[in-house]
Amino acid sequence: MPPPPHGYEFGGPLGAFAISLLVPTVTYIFYFVCSEDGCPSSSFLRDPVGNIASKWPGLLGVFDWDVMMHYCLWYFGLAVMYFVLPGKTGEGVVLSNGKRLKYRFNGCTSLLTVVAYCGFMTYREGFQWQFWAYIWDNYLQLITATFIFSVSLAFYCYISSFFTGELLANDTGNVIYDWFLGRPLNPRIGSFDIKVFSELRPGIILWPILNFAFMAHQYNTHGKVTDSMILVNVFQFWYAYDALHNEPAVLTTMDVTTDGFGFMLSCGDLMWLPINYSLQCRYLAMHPFELGPLGVAGVLAVQGLGYWIFRSANGQKHEFRTNPNDPKLAHIKYIETKSGSRLMITGWWGIARHINYLGDWIMAWAWCLPTGYRGPLGYFYVVYFAILLIHRERRDEAKCKLKYGADWKKYTDVVPSRIVPGIY
Ligand code: NDP
């Protein structure tokens, strides 16, 4: 079979293979490079390979059945909440077969239920709930559990897509490429949508839970919780809450409308996101850092600016697309495209074509600055996220060019900046 009409993405099959190896490798390396004596530790800097080899517990050591069982309980427990907790029902975008799929929106209630349960158990155990220490003590095995689960899920979705008659997102015939980028567009078991569920719940809800465990570790080992630890916990919890509170907005993202569900999304959502986005709190658990009142004020200002841009831009697009006749959007000018969709050319989307990415990236700074200036790993997120957003913007641009043709050219003439007004 030929490659897709817009060409291979992510470096084609070879790139897909390389990323599939790189993602778990980097995640494990990040686990090993940090220890109480530095991040990276001095012994790692002296002899990286020898240092990791000396800590590597062997293939059997990185896996634990009990942790695997706990992780399965986590994923399926959240799936049960998807069905039983109250929530609204909504429809996704119109698919190429003319149908619209139904989804339940109760992610926010699921997050709050999990947090309430954790809070209750912590209080009941006199703030010594062993679960927090369990996460810290079995973190390596937890990484493995998320990896095994996400790979298995990607295999299940790839193989089942040959039998279910689902719509396909990638069908190049190249097994590695299709498995990586995802063959099925909306893999489902009955009314349970594996992609949308995995995109928002098991990984995004695990992320603040891991952060809480790191905060508990900092308290247990250093006898205090620093202002920096509190800030990162609050910011990232708020980000997760915000994503779930605006759950219907995920249905119009590229991940849901265009990408298949394969290793990229499965591993990205279930392993990469919770494990590597919580690196700052893991770092702070081992290396407490006090920002002081001025530092706190500065970081709050950066977060506030980022969140304002991020939320207003995303909200404006969502409202414009779902309720274009809303009087509060009357001042927005737009291009009426041949495809039927309107493209805003004033308001946030008239400042840069992905001004929402800029807001998200500014927030990334507010999550990294609290780690201070003693180790590069605390800044991994902000560097990685810049690469992700630039690459994502290029992919989205290619998709929009294909969809809107000459109308997209008109938009880019009026709004030339991609992400940073006047600079990029
Ligand atoms: P966007 O919200 O940026 O949406 C892009 C789409 O919006 C385009 O494909 C097009 O879709 C539509 N569009 C583009 N220009 C206009 C316009 N002028 N007027 C109206 N509609 C327009 O998509 P993403 O999914 O990339 O991002 C959503 C949010 O998620 C962002 O804030 C991003 O930062 C965040 N994100 C966070 C990640 C993380 O790991 N923390 C990862 C990825 C994203 P259409 O075909 O409908 O016209």
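Residues numbered from 1 in each chain as written. Predicted model: local features only at pLDDT ≥ 70, side-chain atom pairs only at ≥ 80, totals over all residues. Heavy atoms only, no water.

The protein chain goes by Delta(14)-sterol reductase in an unreviewed UniProt entry, where it is assigned to Tuber borchii. Recorded under Catalytic activity (unreviewed entry), the UniProt text for the protein chain is reproduced unchanged: "4,4-dimethyl-5alpha-cholesta-8,24-dien-3beta-ol + NADP(+) = 4,4-dimethyl-5alpha-cholesta-8,14,24-trien-3beta-ol + NADPH + H(+)". (UniProt positions renumbered as here; feature names shortened; annotations may be inferred.)

Our focus in this paragraph is the domain arrangement of the protein chain. Partitioning the protein chain into domains gives domain 1 (1-290) and domain 2 (292-424). On a C-alpha basis, the centroid separation for the pair domain 1 and domain 2 is 23 Å. The partner domain 2 presents 34 residues to the 37 residues of domain 1 that form the contact. Taking both partners together, domain 1 and domain 2 bury about 3100 Å²; carbon and sulfur atoms supply 64% of that area. Taken as a group, Phe235, Tyr239 and Met254 account for 21% of the area that domain 1 buries against domain 2, more than any other trio of residues on that side. Linking domain 1 with domain 2 are four salt bridges. (Domains from an automatic or database assignment. Contact = heavy atoms within 4.5 Å. Buried area = accessible area lost by both parts, 1.4 Å probe. Salt bridge = Lys/Arg side-chain N within 4 Å of Asp/Glu carboxyl O.)

This paragraph deals with empty space enclosed by the protein. Counted under the stated rule, the structure contains three cavities of 30 Å³ or more. Taken as a whole, the largest cavity encloses approximately 80 Å³ of empty space. Gly92, Val93, Leu95, Leu101, Tyr103, Leu185, Asn186, Leu251, Val256 and Thr257 are the residues that line the largest cavity. Of the residues contributing to the lining of the largest cavity, the split by class is seven nonpolar, three polar and no charged. (1 Å grid on protein atoms, 1.4 Å probe; cavity = no way out; pocket = protein on both sides within 12 Å on 5 of 7 lines; lining within 4 Å. Points joined across faces, edges and corners; volume = space filled by probe spheres on them. Nonpolar A, V, L, I, M, F, W, Y, C, P; charged D, E, K, R; others polar.)

For the structure on display, the rule yields one disulfide. Between the sulfur atoms of cysteine 34 and its disulfide mate cysteine 39 the distance is 1.6 Å. Taken as a pair, cysteine 34 and cysteine 39 share a single burial class, namely buried. Free cysteine: cysteine 267, not disulfide-bonded; nearest cysteine sulfur from cysteine 157 at 13 Å. (Disulfide = S-S within 2.5 Å. Buried < 20%, exposed > 50% of the residue type's maximum accessible area, 1.4 Å probe, protein only.)

Moving on, we come to the packing of aromatic side chains. One pass over the full model with this rule turns up 55 aromatic pairs. The interplanar angle of 80° and the centroid separation of 6.3 Å between the aromatic rings of tyrosine 82 and phenylalanine 197 together place this pair among those described as edge-to-face. Of this pair, tyrosine 82 sits in helix H5 (residues 65-84) while phenylalanine 197 is found in helix H10 (residues 194-200), placing the two residues 115 residues apart along the sequence. The residues tyrosine 82 and phenylalanine 197 share a single accessibility class, namely buried. Both rings, one in tryptophan 308 and one in tryptophan 348, keep their centres 5.1 Å apart while their planes meet at 80°; by these two values the pair is edge-to-face. In this pair, tryptophan 308 sits in helix H16 (residues 292-322) while tryptophan 348 sits in the loop between strand S6 (342-344) and helix H17 (355-368), placing the two residues 40 residues apart along the sequence. Note on tryptophan 308: relative accessible area 53%, which makes it exposed. Stacked on the ring of phenylalanine 162, the Lys or Arg arginine 183 has its end atom at 3.7 Å from the ring centre. (Phe/Tyr/Trp six-rings, centres within 6.5 Å; stacked < 30°, edge-to-face > 60°. Helix = DSSP H or I, 4+ residues; strand = E, 2+ residues; numbered from the N terminus. Lys NZ or Arg CZ within 6 Å of the ring centre and 35° of its normal.)

Before going further, it helps to spend a moment on the environment of glycine 372. If you trace the backbone, glycine 372 turns up in the loop between H17 and helix H18 (380-404). Glycine 372 gets classed as buried once you look at its relative accessible area, which sits at 4%. For the pair glycine 372 and methionine 344, spaced 28 residues apart in the sequence, the C-alpha separation amounts to 40 Å. Sequence-distant contacts of glycine 372, that is, excluding residues within four places in its chain, are made with Phe289 and Tyr379.

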